[in-house]
Amino acid sequence: MPSCIHCGAHFEDSSAARCARCGMPHQGGVPGGTGQPVGTTAYGYVRVGPTILPQWLLWLVAALLAAGGVTVYVLLHSSSSEASQQTVDTLSSATPSPGSDPYSVPPTDPYSVPPTDLYSLPPTDLSTPTATETTTSPVEDASATVREFYQAINDRAFSAAWELGGKNIGGSSYSSWVAGYDTTVSISLSAVNTDSPGKASAVLYATQRDGSVKEFRGTYTVSDGVIVSADISER
């Protein structure tokens, strides 16, 4: 019984023009009893598994694969060449030319700079600061001096307090003036108000050793940071 040369199927009807399984044209097939294996392909065809393919199709696939490989090789080779050329250009730009001498630049002559004529410069305006910019006002000096005077007494620095004005308001005897503070433990200055330049008024609270507190009010005249006179009364 003849069979299809493409798929090997037996022809039930030998007069059929096409194979009932694969639809390929009937070309005689393989006669039964000839010893040739069923499904043997004809010349120009190749069996790939159960499929019969023409040889020209396989050659076409092989040619496409070969062409693709050549294309990939050309692209890779071109990219490598461009990268190599960029590296060479970079090294060429960084390398000095044979004719260039880095030491050929003439040195600068420091003595060739024209000297500056100090006498030709315009005078600088250095204005003398006014007294209000550099010194403290007499009002601020008076109140600060009074505070410093009583702080020295609290610290038992009687010699410093004597120089700050004690010698002017405490009598002629230093020892008698100091003895007047024997019963005083501390002096608190509750307020110092300026009345006029060079003068200050104060309210004092003197705590005694027995726990009592004496209140004093006074007006002080200050000159050059020293108390020169005072009018103090106990309340």
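Because the structure is predicted, anything quoted here is derived from the model rather than measured.

What counts, and at which threshold
Residues numbered from 1 in each chain as written. Predicted model: local features only at pLDDT ≥ 70, side-chain atom pairs only at ≥ 80, totals over all residues. Heavy atoms only, no water. Helix = DSSP H or I, 4+ residues; strand = E, 2+ residues; numbered from the N terminus. Buried < 20%, exposed > 50% of the residue type's maximum accessible area, 1.4 Å probe, protein only. Contact = heavy atoms within 4.5 Å. Pairing = 2+ DSSP bridges. Axes fitted to C-alpha atoms, helices over the stretch in contact; angles between N-to-C directions. Phe/Tyr/Trp six-rings, centres within 6.5 Å; stacked < 30°, edge-to-face > 60°. pLDDT = per-residue confidence, 0-100. Core = buried A, V, L, I, M, F, W, Y, C linked by side-chain atoms within 4.5 Å. Salt bridge = Lys/Arg side-chain N within 4 Å of Asp/Glu carboxyl O.

Side note on the environment of Ala230
No. 1: Within the element layout of this structure, Ala230 appears in strand E6 (residues 226-234).
No. 2: The partly exposed category is assigned to Ala230, whose relative accessible area is 34%.
No. 3: C-alpha of Ala230 to C-alpha of Tyr220: the two residues are 10 residues apart in sequence and 4.4 Å apart in space.
No. 4: Once residues within four sequence positions are removed from consideration, Ala230 is found in contact with Ile169, Thr219 and Tyr220.

Considerations on the sheet that holds strand E5 (residues 213-223)
No. 1: What the four strands build is an open sheet, ordered E3-E4-E5-E6; its pairing is antiparallel. Each edge of the sheet is formed by a strand with only one pairing partner; in this case those strands are strand E3 (184-194) and E6. Between one strand axis and the next, the sheet turns by 25° as a mean value, whatever way the strands run.

Brief notes about the packing of aromatic side chains
No. 1: Tallied over the full model, the rule gives nine aromatic pairs.
No. 2: When the ring of Phe158 is compared with that of Tyr181, the centres are 6.1 Å apart and the planes differ by 35°; the resulting orientation is tilted. Here Phe158, found in helix H4 (residues 158-169), pairs with Tyr181, found in the loop between helix H5 (174-179) and E3; they are 23 residues apart in sequence, far enough to count as distant.
No. 3: You can call Phe158 buried: its relative accessible area is 10%.
No. 4: Grouped by ring-pair contacts, the aromatic residues Phe149, Tyr150, Phe158, Trp162, Tyr174, Trp177, Tyr181 and Tyr220 constitute a single cluster.

Overview of the confidence of the model for the protein chain
No. 1: Chain-level statistics for the protein chain give a pLDDT mean of 74 and a share of 56% at 70 or above.
No. 2: Low pLDDT, under 50, characterises residues 29-39; the predicted model gives this stretch 19 contacts beyond four residues in sequence or across chains.

Side note on the nonpolar core
Most often, soluble globular proteins keep nonpolar side chains buried together rather than apart.
No. 1: By size, the foremost hydrophobic cluster in this structure holds 22 residues, and its most contacted members are Val146, Phe149, Tyr150, Ile153, Trp177, Ile187 and Tyr220.
No. 2: Sorting the residues of this core by element identifies helix H3 (138-154), H4, H5, E3, strand E4 (199-208) and E5 as the ones contributing at least two each.
No. 3: Residue contributions to this core peak at six residues, all from H3.
No. 4: When neighbours within four sequence positions are excluded, Val146 is seen to be in contact with Leu189, Ala200, Ala202, Tyr220 and Ile227.

Digging into the side chain of Thr184
No. 1: Summarising the element assignment, Thr184 is placed in strand E3.
No. 2: Excluding residues that lie within four positions of it along the chain, Thr184 makes contacts with Arg156, Ala206, Thr207 and Gln208.

Some points on unusual backbone geometry
No. 1: The backbone of Arg156 sits at a positive phi, close to 60°, despite the residue not being glycine.
No. 2: Examined against the element boundaries, Arg156 turns out to sit in the loop between H3 and H4.

Here we look at the pattern of salt bridges
No. 1: Following the criterion strictly, the structure yields two salt bridges and no others.
No. 2: Notably, a salt bridge pairs Lys167 with Glu163, separated by 3.3 Å at the nearest N-O pair. Separated by four residues within a single helix, Lys167 and Glu163 lie in helix H4, roughly one turn from each other.
No. 3: One salt bridge connects Glu215 with Arg217, and the closest N-O pair in it is separated by 3.1 Å.

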